[in-house]
Each structure stands twice: as structure tokens, then as C-alpha cells.
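Here's the letter readout for the chains.
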Amino acid sequence: MLYFIGLGLGDAKDITVKGLEIVKQCSRVYLEAYTSILTVGKDALEEYYGRELILADRDMVEQEADEILKGADVSDVAFLVVGDPFGATTHSDLVLRAVNAGIQYRVIHNASIMNAVGCCGLQLYNFGETVSIVFWTDTWRPESFYDKIKKNRDLGMHTLCLLDIKVKEQSMENLMRGRKIYEPPRFMTVSQAAEQLLEIVQNRRERGDDLAISEETICVGLARVGAEDQVIRAGTLRQLASCDLGSPLHSMIVTGHLHPLEVDMLRLSVATPDALQDLRMTDSSTYTS
């Protein structure tokens, strides 16, 4: 059996009892190590699980999947994923490879940012399509995520923005020269994401577009959700651009229509006392910014 086991969002103890029991019985245990991170490292996980973990980076999962699947038809192999195995990153390709190889698989679910984001007080059923915001470069500055945010805002829905993670990435020079030299890990912050959105807003304004958001749109920054030191900050997009939420991982929400109960919950984590003062009531049960 090939087991896909979610690890949750905090530390080594967030694995489920069922997941831990399976980890202890498997012949090999892989730790997916490129789409997300916990607040503790591989050594802490190995100590708590009592098992050696094999790091599975992007190259292994995408190009050497057969190595992970090897022997899983006659013994148990575990593939550990931060969050939930079918949360932000689905790993569907590995599932399909297992099925095509005649290997049974089973999923042990856990908390993911996709549902834990409700900790900020926004109601999950009011969220639209989730988007990813990537690091811009000098030559690549995509804005397609803004159009999805606009579509959600037009429907009155909130948008969860997953922020870029760069782990084991190569520079263009090293990639072209075939050198296995990797850049230091980088994790996008809420302030970086907000700055990119502010630039897009200005670009669209100069083009004469109808704006989906503005500098005063209420957004929510989240850091280290599920950890003891998690941080939630609600404020305008402009305020979040100068907000330091500390170490990774960060996520951000662009709000849509807000129910009064959601507004009351956001007041618990405002960046400044006046952060929500410009909210407008469109009817007796809806606020917008």
C-alpha cells in the first residue's frame, strides 16, 4: 500500500494518531519537501516519529516517482505531505502512477490552509477560487491572479492567496550550465504580496480599467497558521504592504462582501484601530470595501 499522509500545519505533533501508527509500520517513509514547510525541521520529525525520513524534492517526485513506488505493491510505503495530501497541492500524478502500476493507495487527511484559514473569522463558504501569487522577476511579472481576484470580488467572494515558495531553485545561469547549485530558500511575505498587488492596481488604473480592488480594500494577512505563534492581521491593502508578520509561511486574503459577524471577528486582529473604519454597508447584512 502507498499511503499519502497529511502532517497538518504546525509541528511534529500535528500528525493524526492514525497517520503516526501507519508511519511506524511502513518500510520506507518519504517527506515531500518543496510545496510547504512545518515550523520544525526533518530532524524533529524523525525524533517524534521514531523513523528515518527520505526527503522527496521536486526532482524526485516529478522525475523519479518510480523510486517512491518501488516495492509498494508488496510492502507499505508512506508519502508525507505538509497540510493535507489533497489540499493546496494534490499530488494527483503520483496517485495515477500508483494506480497504473497496480499499487493500492490510501489517504490519511489532516488540516490544510484551505480550511484552517477560517481562523481569521471569515466564513469558508464565502470564499471563491484560490489563487497563487508568485515572486516577480525583472523579466516575468504575471498579473493573471489579479483577474481571478476580480472575478471573486464581482461575486462578493473572498480570495485566499497562497504565496510563493522557492525551495531548491536554480539561477538561470546554473540551470543553463547544468550545474546543480541551488539558490537559498525564499518564502513570500504578506507585505511582498501586497506590494505586488498595489503595483497591479496602479497599472490597471493607468490603463483606465474598472478596478476590482484599491489601496483601501480590506485584506487579511496570516502567518504560521496552526503554530503557537500564528499571527493574523486585518487591514487595508496599503497597510498590509508595510506589515511585518515574521517568519514563514504566510498567506493573504482579499475580502469580498463581509457579513457583520465576519467584521466583528476581523476587529479582533486589526493592524490599526481605524483599519475597518471605511467599510461601507450595502444592505443590513453586508459590508464591502
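What counts as what
Residues numbered from 1 in each chain as written. Predicted model: local features only at pLDDT ≥ 70, side-chain atom pairs only at ≥ 80, totals over all residues. Heavy atoms only, no water. Phe/Tyr/Trp six-rings, centres within 6.5 Å; stacked < 30°, edge-to-face > 60°. Helix = DSSP H or I, 4+ residues; strand = E, 2+ residues; numbered from the N terminus. Buried < 20%, exposed > 50% of the residue type's maximum accessible area, 1.4 Å probe, protein only. Contact = heavy atoms within 4.5 Å. Salt bridge = Lys/Arg side-chain N within 4 Å of Asp/Glu carboxyl O. 1 Å grid on protein atoms, 1.4 Å probe; cavity = no way out; pocket = protein on both sides within 12 Å on 5 of 7 lines; lining within 4 Å. Points joined across faces, edges and corners; volume = space filled by probe spheres on them. Nonpolar A, V, L, I, M, F, W, Y, C, P; charged D, E, K, R; others polar. Pairing = 2+ DSSP bridges. UniProt positions renumbered as here; feature names shortened; annotations may be inferred. Polar contact = N/O pair within 3.5 Å; in protein donor to acceptor, adjacent residues only side chain to side chain. Lys, Arg positive; Asp, Glu negative; His and termini not counted. Axes fitted to C-alpha atoms, helices over the stretch in contact; angles between N-to-C directions.

1. Quick look at the packing of aromatic side chains
When we look at a pair of aromatic rings, we describe it by the centre distance and by the angle of the planes.
Now for step 1: A complete count under the given rule lists 3 aromatic pairs for this structure.
Now for step 2: The interplanar angle of 90 degrees and the centroid separation of 6.2 Å between the aromatic rings of phenylalanine 4 and tyrosine 105 together place this pair among those described as edge-to-face. Of this pair, phenylalanine 4 sits in strand S1 (residues 2-6) while tyrosine 105 sits in strand S5 (residues 105-108), and the two are 101 residues apart along the sequence.
Now for step 3: What makes tyrosine 105 partly exposed here is its relative accessible area of 37%.
Now for step 4: Considering the side-chain rings of tyrosine 48 and tyrosine 49, the 6.2 Å spacing of their centres and the 65 degrees angle between planes classify their relative orientation as edge-to-face.
Now for step 5: When its relative accessible area of 0% is taken as the criterion, tyrosine 49 is described as buried.

2. Details of the environment of glutamate 199
Now for step 1: Following the sequence through the fold, glutamate 199 ends up in helix H9 (residues 190-207).
Now for step 2: Sequence spacing of glutamate 199 and glutamine 25 is 174 residues, and the spatial spacing of their C-alpha atoms is 51 Å.
Now for step 3: Ignoring any residue separated from it by four or fewer positions in sequence, one finds glutamate 199 in contact with Trp136 and Arg141.

3. Describing the pattern of salt bridges
Now for step 1: This model, assessed by the stated rule, comprises 15 salt bridges.
Now for step 2: Between glutamate 67 and lysine 70 there is a salt bridge, with its nearest N and O atoms 3.4 Å apart.
Now for step 3: Between arginine 224 and aspartate 229 there is a salt bridge, with its nearest N and O atoms 3.2 Å apart.

4. Topic: empty space enclosed by the protein
Now for step 1: Counting across every chain of the model gives 1 cavity of 30 Å³ or more.
Now for step 2: Looking at the largest cavity, the residues that line it are Glu216, Ile218, Thr236, Ala275, Leu276, Gln277, Asp278, Leu279 and Ser289.
Now for step 3: Here the residues of the lining of the largest cavity sort into 4 nonpolar, 3 polar and 2 charged.

5. A few points about the pairing of strand S11 (residues 231-236)
Now for step 1: Extensive coverage of S11 is indicated by the burial of 5 of its 6 residues.
Now for step 2: For strand S10 (residues 218-223) and S11, the ladder comprises 6 bridges, and the chain directions are antiparallel. The residue bridging isoleucine 218 from the neighbouring strand is threonine 236, located in S11.

6. Considerations on the UniProt feature "binding site: S-adenosyl-L-methionine" (unreviewed entry) in the protein chain
Now for step 1: When the UniProt feature table is mapped to this numbering, "binding site: S-adenosyl-L-methionine" (unreviewed entry) covers Leu9, Asp84, Gly87, Ser112, Ile113, Leu163, Val225 and His250.
Now for step 2: Tracing the backbone shows aspartate 84 in the loop between strand S4 (77-81) and helix H5 (92-100).
Now for step 3: According to the relative accessible area criterion, aspartate 84 is buried, its value standing at 9%.
Now for step 4: In this structure the side chain of aspartate 84 is engaged in a polar contact, spanning 2.8 Å, whose partner is the backbone nitrogen of phenylalanine 86.
Now for step 5: With respect to the helices, strands and loops of the structure, glycine 87 is situated in the loop between S4 and H5.

7. Some words on the side chain of arginine 51
Now for step 1: Along the chain, arginine 51 turns up in the loop between helix H2 (42-49) and strand S3 (54-56).
Now for step 2: The buried charged residue arginine 51 lacks any salt bridge partner; its closest oppositely charged side chain belongs to glutamate 52, at an N-O distance of 7.2 Å.
Now for step 3: Here the side chain of arginine 51 touches valine 23 through a polar contact of 2.8 Å, landing on its backbone oxygen.
Now for step 4: Residues in contact with arginine 51, not counting those within four places in the same chain, are Val23, Lys24, Gln25, Cys26, Ser27, Arg28, Val29 and Glu46.

8. As for the sheet that holds strand S7 (residues 159-163)
Now for step 1: A sheet is described by the order of its strands in space; here 5 strands give the open sequence S6-S7-S12-S10-S11, paired in mixed fashion. The strands lining the two open edges of the sheet, one partner per strand, are strand S6 (131-133) and S11. On average, each strand axis in the sheet is tilted by 25 degrees relative to the strand beside it, whichever way the strands run.
Now for step 2: Sheet topology places S6 next to S7; 3 bridges connect them, and they run parallel. Following the sheet pairing, serine 132 is matched in S7 by leucine 162.
Now for step 3: Contacting S6, S7 and strand S12 (250-254), helix H7 (residues 144-154) crosses the sheet at an angle of about 140 degrees to S6.
Now for step 4: Sheet contacts for H9: S6, S7, S10 and S12; angle to S12, the most-contacted strand, approximately 40 degrees.

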